[in-house]
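Residue strings, one per chain:
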Amino acid sequence: RQRPSESLSVLHRLDKGTSGLLVAAKNDFTHHRLAELLEKRKIERAYKALVWGEPSPRRGEIAGLIGRSPKNRKKMAMVKKGGKAALTRYAVLKPVGVAASLVECRLATGRTHQIRVHMAALGHPVVGDLLYGGRPARRSAKAPDAVKRRLEAFDHQALHAYLLGFTHPRTGEKLRFESKLPIYFNELMDVLETVQN
């Protein structure tokens with residue numbers, strides 16, 4: 001429990017519109033130790049994402065440099081030089097209707113918008129991601145009008161940080177936390193299940 005005089009220091013952040021777990025430290029010692037674990041890639045972080053289409057192969061890695069997009073400074077992009085190394089491991093968990101898939105993404109690095117950039121570069125952007133994925137109507141052309149309206153009303157990326165694992169900085173205890181998919185995510189999957197050929 002946090003005392004009134006204590007302040008929390010967030011170790012990493014989630015993009016606006018991304019739900020789920022994050023790590024916060026209550027003191028400098030803990031923050032420093034957790035930052036070391038993060039730098040050494042010893043914090044387990046996994047996300048569930050709804051993406052357009054079905055990635056092929058169904059399991060793989062996306063690696064390369066991520067930096068500011070030369071065409072749009074508000075976006076990040078896979079770049080040939082000037083960026084930072086990024087690695088995402090993904091696995092298709094199941095198809096969702098015929099238009100989308102539920103995918104698990106595990107981060108080996110933590111770059112800005114990493115999963116969103118990588119899935120878009122793979123040709124399967126995250127559903128609802130207007131920055132990297134375009135308008136949903138283009139992706140659901142065969143969907144009934146009511147489904148298209150529901151998708152158009154969805155105003156953020158369907159990305160959820162569901163798993164977080166690390167060693168406790170003081171006790172050495174192995175900790176692992178999981179967060180169930182939020183209601184919005186399940187409702188969106190129900191909508192996408194109705195999209196058929």
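Keep in mind the model is a prediction, meaning the values are calculated, not measured. (Residues numbered from 1 in each chain as written. Predicted model: local features only at pLDDT ≥ 70, side-chain atom pairs only at ≥ 80, totals over all residues. Heavy atoms only, no water.)

Asks: Would you mind showing me how to read the layout of surface pockets here?
Replies: Any empty space left between the atoms is revealed when a probe the size of a water molecule rolls over them. Taken as a whole, the largest pocket encloses approximately 440 Å³ of empty space. What lines the largest pocket is a set of 21 residues, among which Arg45, Leu107, Thr109, Gly110 and Arg111 lie closest to the centre. Secondary structure elements with two or more residues in the lining of the largest pocket: helix H1 (28-39), strand E4 (44-52) and helix H2 (114-121). Classifying every residue of the lining of the largest pocket gives seven nonpolar, seven polar and seven charged. Space inside the second largest pocket adds up to approximately 230 Å³. Looking at the second largest pocket, it is lined by twelve residues, and the ones nearest its centre are Ala24, Ala25, Lys26, Thr30 and His168. Sorting the residues of the lining of the second largest pocket by element identifies strand E3 (24-25) and H1 as the ones contributing at least two each. Here the residues of the lining of the second largest pocket are counted per class, giving seven nonpolar, three polar and two charged. (1 Å grid on protein atoms, 1.4 Å probe; cavity = no way out; pocket = protein on both sides within 12 Å on 5 of 7 lines; lining within 4 Å. Points joined across faces, edges and corners; volume = space filled by probe spheres on them. Helix = DSSP H or I, 4+ residues; strand = E, 2+ residues; numbered from the N terminus. Nonpolar A, V, L, I, M, F, W, Y, C, P; charged D, E, K, R; others polar.)

Asks: How should the pairing of strand E5 (residues 59-68) be read in this particular structure?
Replies: On a regular strand, each side chain points to the face opposite its neighbour's, so the side chains alternate between the two faces of the sheet. Pairing of E5 with strand E7 (residues 84-96) involves eight bridges; the strand directions are antiparallel. Bridged to Glu61 within E7 is Arg89. In the sheet, E5 pairs with strand E6 (residues 76-79) via four bridges, with the strands oriented antiparallel. Pairing of Arg68 across the sheet is with Met76, part of E6. (Pairing = 2+ DSSP bridges.)

Asks: Could you clarify how one ought to interpret the pattern of salt bridges in this entry?
Replies: In a structure, side chains of opposite charge can pair up when their charged atoms sit close to one another. Applying the stated criterion across every chain, the model contains eight salt bridges. Two residues, Arg176 and Glu44, come together in a salt bridge whose shortest N-O distance is 3.1 Å. You can see Arg176 sitting in strand E10 (residues 174-178) and its partner Glu44 sitting in strand E4, a full 132 residues away along the chain. Arg176 gets classed as partly exposed once you look at its relative accessible area, which sits at 48%. What you see here is one network of salt bridges that share partners, running through Glu44, Glu104, Arg106, Arg176 and Glu178. (Salt bridge = Lys/Arg side-chain N within 4 Å of Asp/Glu carboxyl O. Buried < 20%, exposed > 50% of the residue type's maximum accessible area, 1.4 Å probe, protein only.)

Asks: Teacher, can you tell me more about the side chain of Arg116 here?
Replies: With respect to the helices and strands, the residue Arg116 is situated in helix H2. Judged by relative accessible area, which is 6%, Arg116 ranks as buried. Leave out the neighbours within four places in its chain, and Arg116 touches Asp15, Val126, Asp129, Leu131, Tyr132, Gln157 and Leu159. (Contact = heavy atoms within 4.5 Å.)

Asks: Teacher, can you tell me more about the nonpolar core here?
Replies: Note that soluble globular proteins tend to have their nonpolar side chains buried in a common cluster. Grouped together as the largest cluster of nonpolar side chains are 18 residues, with contacts concentrated most on Leu50, Val127, Leu188 and Leu192. Within the residue set of this core, elements represented by two or more residues are E4, strand E8 (100-107), helix H4 (145-153) and helix H5 (183-193). Per element, the largest residue contribution to this core is five residues, and it comes from H5. Those residues in contact with Leu192 that lie beyond four places of it in its chain are Leu50, Trp52, Val96, Gly97, Ala100, Val127 and Leu151. In this structure, Ala49, Val51, Val103 and Met119 belong to the second largest nonpolar core, which totals 15 residues. (Core = buried A, V, L, I, M, F, W, Y, C linked by side-chain atoms within 4.5 Å.)

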